[in-house]
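Letter by letter, the chains look like this.
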Amino acid sequence: MGKVKMLGALAGDIIGSVYEFANTKSTDFELFTPQSRFTDDSVMTLSVAKWLIEDENHSVAQLTKCMQELGRKHPDAGYGGRFLGWLYEDNPQPYHSWGNGAGMRVSPVGLYAKSLDEALSLAAITASVSHNHPEGVKGAQAIAVCVFLAKEGKSKAEIKAYVEEAFGYDLNRTIEEIRPDYYFDVSCQGSVPEAIIAFLEGNSFEEVIRLAISLGGDSDTIGAMAGAIAACVYPIPEEIAKQCDDILTKDLREIKDKFLDMVEG
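A short tour of the structure in this document, coming up.

Cut-offs and rules
- Residues numbered from 1 in each chain as written.
- Predicted model: local features only at pLDDT ≥ 70, side-chain atom pairs only at ≥ 80, totals over all residues.
- Heavy atoms only, no water.
- Phe/Tyr/Trp six-rings, centres within 6.5 Å; stacked < 30°, edge-to-face > 60°.
- Helix = DSSP H or I, 4+ residues; strand = E, 2+ residues; numbered from the N terminus.
- Buried < 20%, exposed > 50% of the residue type's maximum accessible area, 1.4 Å probe, protein only.
- Lys NZ or Arg CZ within 6 Å of the ring centre and 35° of its normal.
- 1 Å grid on protein atoms, 1.4 Å probe; cavity = no way out; pocket = protein on both sides within 12 Å on 5 of 7 lines; lining within 4 Å.
- Points joined across faces, edges and corners; volume = space filled by probe spheres on them.
- Nonpolar A, V, L, I, M, F, W, Y, C, P; charged D, E, K, R; others polar.
- Patch = residues over 30% accessible without salt bridge, like charges linked within 9 Å, V, L, I, M, F, W, Y side chains within 5 Å.
- Areas by Shrake-Rupley, 256 points an atom, 1.4 Å probe, with all protein chains shown as cover.
- Salt bridge = Lys/Arg side-chain N within 4 Å of Asp/Glu carboxyl O.

**Some thoughts on the packing of aromatic side chains**
The relation between two aromatic rings is expressed through the spacing of the ring centres and the mutual angle of the planes.
For step 1, the next point in the chain: For the coordinates displayed, the defined rule picks out seven aromatic pairs.
For step 2, the next point in the chain: Ring centres of Phe83 and Trp86 lie 5.1 Å apart, and the angle between their planes is 15°; on these two criteria the pair is classed as stacked. Residue Phe83 and its partner Trp86 are both found in helix α4 (residues 81–87); the two are separated by three residues, about one turn of the helix. Accessibility classification places Phe83 together with Trp86 in one group, the buried group.
For step 3, the next point in the chain: Clustering of aromatic rings is evident, with ring pairs tying together Tyr79, Phe83 and Trp86.
For step 4, the next point in the chain: A cation over an aromatic ring shows up here: Lys114 above the ring of Tyr112, its NZ or CZ 4.8 Å from the ring centre.

As structure tokens, then:
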């Protein structure tokens, strides 16, 4: 079997899924257990990917359709209460959320975008259908920009400088400093910077994921955001990719593969 292609966000989500409600404060943990699963982070990441595949006009209506259709197909993936309601509304409206759902689903935008401006504008669209609070939009844009800049070969120092200047996040902290007092925080402002810091500190895909999840908190989402950026710099180990592929359902694998074929040519 050839090398399995995987999105970093999906791997981070699946690995983190076990630790979301059973936090670890150590980097020494099992990457996969019998309870490992994909969550809403993967489903919504792939709904954004599907939108980018299918809608060259990048319309809000089509994005909403993709999110609702895929979300309803996987109703037990672990959505937040308000977002679950949004998935089943006939005319869903944004609800001013600053939650990190905006950051966890946006990474396909960074892989797809041909320019920084395009990454910023598409990221804003992906957030604004539900998470239209300024912090929600900012969190989505920050992750998309990190993915885009990493994909374009920018250094960690360049990525850090841009994010600090453009979004005002404090990236001068370390994982060791953050970890002892870090708690479950589903806000963009309380988890996006931490995910970026894990990427900045790690020296391999696996190390980035281990650092991100070792913070505790919303482990699958922090893992998804950190993993999305890390996969643009470090190869995802084949065994990790294979195990994640085995956990994804056929429909999700097909979207993932089609999207990667599109962006990787």
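From this point, things continue past the structure.
**Comments concerning the layout of surface pockets**
For step 1, the next point in the chain: Its boundaries defined by the atoms lining it, the largest pocket holds a volume of some 470 Å³.
For step 2, the next point in the chain: Lining of the largest pocket is provided by 28 residues; of these, Asp40, Tyr79, Gly80, Asn100 and Gly101 occupy positions nearest its centre.
For step 3, the next point in the chain: Elements supplying a minimum of two residues to the lining of the largest pocket: α2 (40–54), α4, α5 (101–104) and α13 (219–230).
For step 4, the next point in the chain: Roughly 380 Å³ of volume is contained in the second largest pocket.
For step 5, the next point in the chain: Lining the second largest pocket are 20 residues; nearest its centre among them are Met6, Ala231, Ile236, Leu260 and Glu264.
For step 6, the next point in the chain: No other element matches the three residues that helix α15 (residues 250–264) contributes to the lining of the second largest pocket.
For step 7, the next point in the chain: The class makeup of the residues in the lining of the second largest pocket is 14 nonpolar, two polar and four charged.

**Concerning a nonpolar patch on the surface**
For step 1, the next point in the chain: Together, Phe21, Trp98, Phe184 and Val186 give the surface a local cluster of nonpolar side chains, amounting to about 430 Å² of exposed area.
For step 2, the next point in the chain: Position of Phe21 relative to the elements: it lies in the loop between α1 (8–16) and α2.
For step 3, the next point in the chain: The class for Phe21 is exposed, based on a relative accessible area of 71%.

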